[in-house]
2 protein chains.
Amino acid sequence: MTDPSGETVVDIARLRRSCGACALSQLCLPATIGHEDMPKLEAAVRQHRPLDAGRTLFAEGSPFNELHVVRSGSLKTVSVQSDGTEQVLGFHLPGDVVGLDAVAEGQHRCTAMTLERTTVCDIPFNAIEDVARRVPGLQRQLYRVISREFVRDQEHLATMGRKQAPERLAIFLKSLSDRRRALGLEPLELTLSMSRSDIGNYLGLVIETVSRLFSRFQDEGLLTVQRRALRILDYDALARLAAGMNDATEGSRQRSPLR
Amino acid sequence: MTDPSGETVVDIARLRRSCGACALSQLCLPATIGHEDMPKLEAAVRQHRPLDAGRTLFAEGSPFNELHVVRSGSLKTVSVQSDGTEQVLGFHLPGDVVGLDAVAEGQHRCTAMTLERTTVCDIPFNAIEDVARRVPGLQRQLYRVISREFVRDQEHLATMGRKQAPERLAIFLKSLSDRRRALGLEPLELTLSMSRSDIGNYLGLVIETVSRLFSRFQDEGLLTVQRRALRILDYDALARLAAGMNDATEGSRQRSPLR
DNA sequence: GCGCTGGCTTGATCAGGGTCAATCCACGGC
DNA sequence: GCCGTGGATTGACCCTGATCAAGCCAGCGC
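Numbers given to residues run from 1 along each chain, matching the order in which its sequence is written. Think of it this way: whatever chain is written first is A, whatever ligand is written first is 1, and the rest follow in order. Per-residue local features are limited, in this predicted model, to residues with pLDDT of at least 70; the limit for side-chain atom pairs, both in listing and counting, is 80 or more; totals at the level of whole chains, interfaces and linings are taken over all residues. Remark: hydrogens and water are excluded; side-chain values derive from all non-hydrogen atoms of the structure.

All right, on to the overall build of chain A then. Of regular secondary structure, chain A possesses eight helices and 11 strands. Partly exposed describes any residue whose relative accessible area lies between the buried limit of under 20% and the exposed limit of over 50%, with all areas from a 1.4 Å probe on protein chains only and scaled to the type maximum. Out of the 259 residues in chain A, the part that is buried amounts to 52%. Contact between two residues is taken to exist if any of their heavy atoms lie within 4.5 Å; hydrogens are not considered. Taking the contacts inside chain A whose residues are at least 6 apart along the sequence as the reference set, 71% of them involve residues at least 24 apart. Only DSSP runs of H or I reaching four residues or more are called helices, and only runs of E reaching two or more are called strands; each is numbered from the N terminus.

Here it is as structure tokens:
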């Protein structure tokens, strides 16, 4: 939530740079574009100034105009259910594209909210369609990025259906760590930008269960956590737990979820 | 699973027809294409002969070449988890597109299997990309169809996270009914093409719970079900239950899931 | 007819995790 | 300094739905 020391400064410096120089270019849309086509893409992309924590990037029901790419910071997407409760659909880190849900109906099906000070690139959908038509590599990459989000949702679906609470939290934490590694960031030490309540909501657990599990993981030497600061002590054990093999954890009672 | 009387005959007759004449054209890719561009699309689409129940359309890990549109019948998509258990990701009815998960990595992330005698159209992805580049309407419609699947997954996610077992089954049955209505089919009387086990797996419930809930819904006069034959008697009550207001159902104990 | 098989139903029991409630802790205002 | 607030933690209790187990029913081979 706070922006400790240098990280933000670096981002501000990057703001003036192009897609070609962007640290995320391998994950983001320019990935497979040749040098000659880069200016066409860059013409379509708009940069934003950083948003403070808790700001709404787009709201459920609002008209769809552009896709957004997270450049630094993080977002959550939430949707309000018919019974009035909120559902956290996902957390979005640098390199992620948000706004795809809106393409079908022309209006957003969820609300995107910053969890900390966050910078995004805005890409008007019309513009990207035009450029994509002329640059086949971009077209393909756009499909790929969309599909990536799709796969991530399906993995989350499997988590929600089959897994016990401890596995769910382990999967979540492992995924956070893995995504940080993919971004070239320290994977074992991180600041949770979302509240316990967001985590619980996302995983289909109540806040008390999340809290208890953090304490238990800590007792078992998997990690240390104080408020938002998380340090993973035993990544392998966390990964094993996430994979469903709750080994040393609690004796040997192997329990296959849903037979 | 069986093909009772005339329905299949009609489908065979349709097989020879074009996208333009297809009953699904409003839901499928041709939706927003002008007459002049239709032949370009049709050139890319291949028709298949009907597949029997239990056949694999594509398997997890196999290379990605084409998208598939369900024309008649139904499919399920399943993915094998790290612990070896299967997860049913979705059921796909006429008009649905399957295979999108594979665009990101170039190989399928799930297996698609027919639940009954089923006809699909195959669309090589290369071909559709080419045509889409020259026909902006198709391009946009392709995005829309992709996004539609995306939204459906997100809705299912919310179901798995927040809802109690009875709500989950009610949501599932209501959705089946609604999708039939959208296809112009009788919405209140239908044959479940998937087993109890598939339903339970999809909803994150064990088979016994699904069975008990069917019995309970029957006792409450919501529906009748014998084997695969389902008749919805009180759609509104089912819809209320799906929306989280378990009214008459069991007295008045209002229980908000997850606060 | 008979028995087998596989899918489905129903009952009894148990525990994972939700609910309720008290407390703690960090932070900010005054 | 003091208190208020909101997020987080911990404990006691109990309900929903999973587990274990027995039976039912339809279809099929012989």
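Residues enter a nonpolar core if they are buried and are Ala, Val, Leu, Ile, Met, Phe, Trp, Tyr or Cys, with the set joined through side-chain atoms within 4.5 Å. The biggest cluster of nonpolar side chains holds 56 residues, and the ones touching the most others in it are Leu29 and Leu138 of chain A together with Leu29 and Leu138 of chain B. Apart from residues lying up to four places away in sequence, Leu138 of chain A is in contact with Leu29, Ile33, Leu41, Ile128, Val131 and Ala132 of chain A.

The copies were overlaid with a least-squares fit restricted to C-alpha atoms from residues scoring a pLDDT of at least 70 in each copy. For these two chains of identical sequence, chain A goes onto chain B by a turn of 180° and a shift of 0.0 Å along the axis, with RMSD 0.0 Å. Taken together, the rotation angle and the small translation identify this as a two-fold axis. In this assembly the copies share their binding face: 98% of the residues contributing to the interface of chain A also contribute to that of chain B.

Facing 49 residues of chain A, the contacting portion of chain B comprises 48 residues. Taking both partners together, chain A and chain B bury about 4700 Å²; carbon and sulfur atoms supply 57% of that area. Salt bridges are identified by distance alone: a Lys or Arg side-chain nitrogen within 4 Å of an Asp or Glu carboxyl oxygen. In this structure, the connection of chain A to chain B is made through four salt bridges. A salt bridge links Glu155 of chain A to Arg109 of chain B, with the nearest nitrogen and oxygen atoms 2.9 Å apart. Each polar contact in these results corresponds to two N or O atoms within 3.5 Å; when the atoms are within protein, one needs to be able to donate a hydrogen and the other to accept it, and residues that are neighboring in sequence are counted only if both atoms are side-chain atoms. The tally of links between chain A and chain B comes to 14 residue pairs in polar contact (both at pLDDT 80 or more). Considering each element in turn, the side of chain A that touches chain B owes the most residues, 21 residues, to helix H4 (residues 136–162) of chain A. Each residue is assigned to one of three groups, with Ala, Val, Leu, Ile, Met, Phe, Trp, Tyr, Cys and Pro labelled nonpolar, Asp, Glu, Lys and Arg labelled charged, and all others, Gly among them, labelled polar. Its residues assigned to classes, the side of chain A that touches chain B comprises 20 nonpolar, 13 polar and 16 charged. Buried area counts how much accessible surface, traced with a 1.4 Å probe, disappears from two parts once they are put together, with both parts' losses summed.

A separate point is helix H6 (residues 196–203) of chain B. The element H6 of chain B is largely enclosed, with a buried count of six among its eight residues. Within H6 of chain B the residues assigned to the buried category are Asp198, Ile199, Gly200, Asn201, Tyr202 and Leu203 of chain B. Tucked inside the fold, the buried residues of H6 of chain B contact H4 of chain A together with strand S4 (75–80), strand S5 (86–92), helix H4 (136–162), helix H5 (165–182) and helix H7 (207–219) of chain B.

Attention now goes to the packing of helix H3 (residues 125–134) of chain A against H4 of chain A. Working note: a packed helix pair is described by the angle between its axes plus the distance between those axes. Residues and elements named next belong to chain A. Lines fitted to C-alpha atoms define the axes, with helix axes restricted to the stretch in contact, and inter-axis angles between N-to-C directions lie between 0 and 180 degrees. Packing of H3 against H4 brings their axes to within 5 Å, and their N-to-C directions diverge by 125°. As far as their axial angle goes, H4 and H3 are oblique. Residues Ile128, Val131, Ala132, Arg133 and Arg134 of H3 pack against Pro136, Leu138, Gln139 and Leu142 of H4. Across the contact of H3 with H4, the residue classes tally to six nonpolar, one polar and two charged. Oblique is the label for any angle not under 35 degrees, not over 145, and not in the 65 to 115 range, which are roughly parallel, roughly antiparallel and roughly perpendicular in turn.

Turning to the side chain of Thr77 of chain A, a few remarks are in order. Note that Thr77 of chain A resides in strand S4 (residues 75–80). Excluding anything up to four places from it in sequence, Thr77 of chain A contacts Gln87, Val88, Leu89, Gly90, His92, Cys110, Thr111 and Ala112 of chain A.

Moving on, we get to the environment of Ser25 of chain B. Residue and element names in this part refer to chain B. Considering the arrangement of structural elements, one finds Ser25 in the loop between helix H1 (7–15) and helix H2 (38–44). With 70 residues separating them along the chain, Ser25 and Gly95 place their C-alpha atoms 8.2 Å apart. Residues within four places of Ser25 in sequence aside, it is in contact with Cys19, Gly20, Pro30 and Ala31.

Here we take up the packing of helix H6 (residues 196–203) of chain A against helix H7 (residues 207–219) of chain A. Residue and element names in this part refer to chain A. Between H6 and H7, whose axes approach to 8 Å, the crossing angle comes to 105°. Relative to H7, the element H6 is oriented roughly perpendicular. Contact residues: Arg196, Ser197, Ile199 and Gly200 in H6; Ile207, Val210 and Phe214 in H7. Classifying every residue of the contact of H6 with H7 gives four nonpolar, two polar and one charged.

Attention now moves to the packing of aromatic side chains. When the centres of two rings from Phe, Tyr and Trp lie within 6.5 Å, Trp using its six-membered ring, the rings pair. Their planes under 30 degrees apart give stacked, over 60 give edge-to-face, and anything left gives tilted. As enumerated under the stated definition, the model contains 12 aromatic pairs over all chains in all. With a centroid separation of 5.3 Å and 55° between ring planes, the pair formed by Phe64 of chain A and Phe125 of chain A is classed as tilted. In this pair, Phe64 of chain A is assigned in the loop between strand S2 (56–58) and strand S3 (66–72) and Phe125 of chain A in helix H3, connecting sequence segments 61 residues apart. Measuring from ring centre to ring centre gives 6.2 Å for Phe150 of chain A and Phe150 of chain B, while their planes differ by 25°; the resulting arrangement is stacked. Linking Phe150 of chain A in helix H4 with Phe150 of chain B in helix H4, this pair reaches from one chain into another. Each of the two residues, Phe150 of chain A as well as Phe150 of chain B, counts as buried. Grouped by ring-pair contacts, the aromatic residues Phe64, Phe125 and Tyr143 of chain A together with Phe64, Phe125 and Tyr143 of chain B constitute a single cluster. Only lysine NZ and arginine CZ atoms are considered, and such an atom sits over a ring when it is within 6 Å of the ring centre and within 35 degrees of the ring normal. Seen from the ring of Tyr235 of chain A, Arg181 of chain A lies directly overhead, with NZ or CZ sitting 5.2 Å from the centre.

Without other data, these values stay purely geometric and don't point to any function.
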